[in-house]
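Each chain, written out:
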Amino acid sequence: MGTVVDAANKEANGSLAEKKPTVVFVLGGPGSGKGTQCANIVQHFGYTHLSAGDLLRAEIKSGSENGTMIQNMIKEGKIVPSEVTIKLLQKAMLESGNDKFLIDGFPRNEENRAAFEAVTKIEPEFVLFFDCSEEEMERRILNRNQGREDDNIETIRKRFKVFLESSLPVVQYYESKDKVRKIDAAKPVAEVFEAVKVVFTAKDEKVKRRSCTFL
Ligand SMILES: Nc1ncnc2c1ncn2[C@@H]1O[C@H](COP(=O)(O)OP(=O)(O)OP(=O)(O)O)[C@@H](O)[C@H]1O
Ligand SMILES: Nc1ccn([C@@H]2O[C@H](COP(=O)(O)O)[C@@H](O)[C@H]2O)c(=O)n1
Ligand SMILES: [Mg+2]
């Protein structure tokens, strides 16, 4: 027999799927500029930005029962079990009131990807992938100065390893479905955003064309 929590989750999944939200996954290595560019996309295209890492860090701060486990995983650069992260994402999506989401730093591995699809029944519109060299990403993270516990050289190396071994295969999966929009993220912020704008403008044009065919 299901618990009250199971029933509440089922209801949340149902109401999310019914809303048919537009989801764009924003992927790229640690420090590639995902958060920076998401802030620009929010301003120009009206999406709500949900960073899985930010949600996990907020969960630690909230004093949740999962806080210590999440903190340890982040310090080690490991990927938190999908169940935890997906619940945080679902809650944030429902609370936002918006129907367009940039989901930043998720899915990070095959388990994240398959669980999100199975639980929410949502497929991403496309995947924005920020491509950048490790040298540049390392330089950026070491200069970030936001007091993140994982922004030290030991954890950075672990995060790069997890990115190569677990996250890139997810990008390849979406590539096989022709869903990846790859951006050269090594350029200055403004130039990267020019390339990002092209992707989102093309998406808006496609939606307009689709609605015209019904006139
Ligand atoms: N194109 C860029 N050129 C130079 N610096 C950049 C660029 N984009 C972002 N930065 C800087 O690099 C650092 C990392 O950027 P950001 O936090 O957006 O990356 P991220 O992909 O979200 O990283 P993480 O996965 O660790 O959360 C920040 O200090 C940001 O100001
Ligand atoms: N799907 C995810 C996303 C993140 N994490 C953990 O958070 C750390 C920081 O993530 P950023 O996107 O803010 O860099 C990451 O290294 C993981 O430990 C996760 O577990 N699952
Ligand atoms: Mg980030």
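The model shown is predicted, which means the values in this text are computed figures rather than measured ones.

Caption draft 1: The arrangement of the site of ligand 2 in detail. The full set close to ligand 2 counts 16 residues, and Arg57, Lys78, Val80, Gly105 and Arg148 are the nearest of them. At 2.9 Å from an oxygen atom of ligand 2 is found a side-chain nitrogen or oxygen belonging to arginine 57. Within the backbone of valine 80, an N or O atom sits 2.7 Å from an oxygen atom of ligand 2. Within the complex, 96% of the 450 Å² of free accessible area of ligand 2 lies under protein.

Caption draft 2: Looking closely at the packing of helix α5 (residues 82–96) against helix α6 (residues 110–120). Two elements in contact, α5 and α6, have axes whose closest approach is 10 Å; the angle formed by their N-to-C orientations is 50°. With respect to their mutual orientation, α5 and α6 come out oblique. Regarding α5 and α6, the two cross each other, and that crossing is right-handed. Residues Ser82, Ile86 and Gln90 of α5 touch α6, and the partners they reach there are Glu111, Asn112, Ala115, Phe116, Val119 and Thr120. When its residues are assigned to classes, the contact of α5 with α6 shows four nonpolar, four polar and one charged.

Caption draft 3: Spatial organisation of the layout of surface pockets. In this structure, the largest pocket occupies an estimated 940 Å³ of space. Taken together, 42 residues make up the lining of the largest pocket; nearest its centre are Lys34, Arg57, Arg144, Arg148 and Arg159. Elements with a contribution of two residues or more to the lining of the largest pocket: α2 (34–45), β2 (48–51), α3 (52–61), α7 (134–142), α8 (153–176) and α9 (189–212). The biggest single contributor to the lining of the largest pocket is α3, with five residues. Partitioning the lining of the largest pocket into residue classes produces 13 nonpolar, 17 polar and 12 charged.

Caption draft 4: Local environment of empty space enclosed by the protein. Within the structure shown, the criterion is met by one cavity of 30 Å³ or more. When its volume is computed, the largest cavity comes out at roughly 60 Å³. Together, Leu27, Gly28, Lys34, Gly105, Phe106, Arg108, Phe129, Phe163, Ser167 and Val171 line the largest cavity. Of all the secondary-structure elements, those providing two or more residues to the lining of the largest cavity are β1 (22–28) and α8. Looking at the lining of the largest cavity element by element, the count peaks at three residues for α8. Taken together, the residues that form the lining of the largest cavity break down as five nonpolar, three polar and two charged.

Caption draft 5: The arrangement of the state of the cysteines in detail. Per the stated rule, a full pass over the model turns up zero disulfides. Between cysteine 38, a cysteine without a disulfide, and cysteine 132, which holds the nearest cysteine sulfur, the sulfur-to-sulfur distance is 15 Å. Since its relative accessible area comes to 0%, cysteine 38 is described here as buried. On the basis of relative accessible area, cysteine 132 is assigned to the buried category, the value being 13%.

Caption draft 6: Representation of the packing of aromatic side chains within the structure. Inspection of the entire model under this criterion finds eight aromatic pairs. Taken together, a centroid distance of 5.6 Å and an interplanar angle of 70° make the contact between phenylalanine 25 and phenylalanine 116 edge-to-face. Residue phenylalanine 25 is found in strand β1, and its partner phenylalanine 116 is found in helix α6; the two are separated by 91 residues along the sequence. Under the relative-accessibility criterion, phenylalanine 25 is labelled buried at 1%.

Caption draft 7: The arrangement of the confidence of the model for the chain in detail. Across the chain, the average pLDDT comes to 94, with 93% of residues at 70 or higher. The ipTM, which scores confidence in the relative placement of chains, is 0.99 for this predicted complex, and the corresponding pTM is 0.94.

Caption draft 8: Molecular detail of the sheet that holds β1. In spatial order, the strands read β2-β3-β1-β4-β5; together these five strands make up an open sheet with parallel pairing. Edge strands, defined here as strands with exactly one partner in the open sheet, are β2 and β5 (180–184). Here the strands of the sheet are splayed against their neighbours by 20° on average, with no regard to which way each runs. Bridging between β1 and strand β4 (residues 126–131) involves five bridges; their strand directions are parallel. Bridging from a neighbouring strand, leucine 27 pairs with phenylalanine 129 of β4.

What counts, and where the lines are drawn
Residues numbered from 1 in each chain as written. Chains lettered and ligands numbered in written order. Predicted model: local features only at pLDDT ≥ 70, side-chain atom pairs only at ≥ 80, totals over all residues. Heavy atoms only, no water. Near = heavy atom within 4 Å. Polar contact = N/O pair within 3.5 Å; in protein donor to acceptor, adjacent residues only side chain to side chain. Areas by Shrake-Rupley, 256 points an atom, 1.4 Å probe, with all protein chains shown as cover. Axes fitted to C-alpha atoms, helices over the stretch in contact; angles between N-to-C directions. Helix = DSSP H or I, 4+ residues; strand = E, 2+ residues; numbered from the N terminus. Parallel < 35°, antiparallel > 145°, perpendicular 65-115°, else oblique. Left-handed = near helix turned anticlockwise from the far one by under 90°. Contact = heavy atoms within 4.5 Å. Nonpolar A, V, L, I, M, F, W, Y, C, P; charged D, E, K, R; others polar. 1 Å grid on protein atoms, 1.4 Å probe; cavity = no way out; pocket = protein on both sides within 12 Å on 5 of 7 lines; lining within 4 Å. Points joined across faces, edges and corners; volume = space filled by probe spheres on them. Disulfide = S-S within 2.5 Å. Buried < 20%, exposed > 50% of the residue type's maximum accessible area, 1.4 Å probe, protein only. Phe/Tyr/Trp six-rings, centres within 6.5 Å; stacked < 30°, edge-to-face > 60°. pLDDT = per-residue confidence, 0-100. Pairing = 2+ DSSP bridges.

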